[in-house]
Amino acid sequence: MTGYVKIISLILLAILFLSVRFGMFKITGYCPCQKCSGKWGRFTHTGILAKKGVCAVDTKVIPFHSVVFVSGLGMFEAEDTGAKVKDKHIDIFFNNHEDAVNFGIKRRFVIWLI
Ligand SMILES: [Zn+2]
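Attention in this report is confined to the structure presented alongside it. (Residues numbered from 1 in each chain as written. Predicted model: local features only at pLDDT ≥ 70, side-chain atom pairs only at ≥ 80, totals over all residues.)

1. Some points on the overall build of the protein
In step 1: Within the protein one finds three helices and six strands.
In step 2: Reading the helices (α) and strands (β) of the protein from amino to carboxyl end gives α-β-α-β-β-β-β-α-β.
In step 3: Overall, the protein is about 55 × 25 × 20 Å in size when its C-alpha atoms are taken along their principal axes. (Helix = DSSP H or I, 4+ residues; strand = E, 2+ residues; numbered from the N terminus.)

2. What about unusual backbone geometry?
In step 1: In the Ramachandran plot, His 65 falls in the positive-phi region, its phi being about 70 degrees despite a non-glycine side chain.
In step 2: Mapped onto the elements of the fold, His 65 is located in the loop between β2 (54-56) and β3 (67-70).
In step 3: A positive phi angle is found at Asp 87, which is not glycine, with a value near 55 degrees.
In step 4: Residue position: Asp 87 is located in the loop between β4 (74-80) and β5 (89-93).

3. A look at the nonpolar core
In step 1: In this structure, Tyr 30, Cys 55, Val 57, Val 68, Ile 90, Ile 92 and Phe 93 are the most contacted members of the largest nonpolar core, which totals 22 residues.
In step 2: Secondary-structure elements contributing two or more residues to this core are β1 (20-30), β2, β4, β5 and β6 (106-113).
In step 3: Residues in contact with Ile 90, not counting those within four places in the same chain, are Phe 25, Ile 27, Cys 55, Val 57, Val 68, Val 70 and Val 110. (Core = buried A, V, L, I, M, F, W, Y, C linked by C-beta atoms within 7 Å. Buried ≥ 20, exposed ≤ 12 C-beta atoms within 10 Å, placed from the backbone. Contact = placed C-beta atoms within 7 Å.)

4. Looking at the environment of Asp 80
In step 1: Relative to the elements of secondary structure, Asp 80 occurs in strand β4.
In step 2: On a C-alpha basis, the gap between Asp 80 and Ala 56 in space is 4.1 Å, while along the polypeptide they are 24 residues apart.
In step 3: With residues near it in sequence (within four places) discarded, Asp 80 still touches Thr 44, His 45, Ala 50, Val 54, Cys 55 and Ala 56.

Structure, rendered in structure tokens:
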């Protein structure tokens, strides 16, 4: 029991002092193709070359460069935006269109560090 109390206290402290935020998000995939990224191609909004582990976010919800943990999918870095990426929606980068499309639409619990 005390173990749980300890974990909960640590999470609460992290939320208060380390700017940890969380919520349920819609997760989709995108790739550097014309259809997904238009003229931007592989370049992200922050100017880096997108690679595995990069995601697009609504910066009103998750600021750029935040570390984003998506349950069951792992850790991502918020370096991109998208016209269709609004509110609690994260678009995950894939190297090819087929993988991005096959990913579909998922709902996942997300924690991010600002
Ligand atoms: Zn694509």
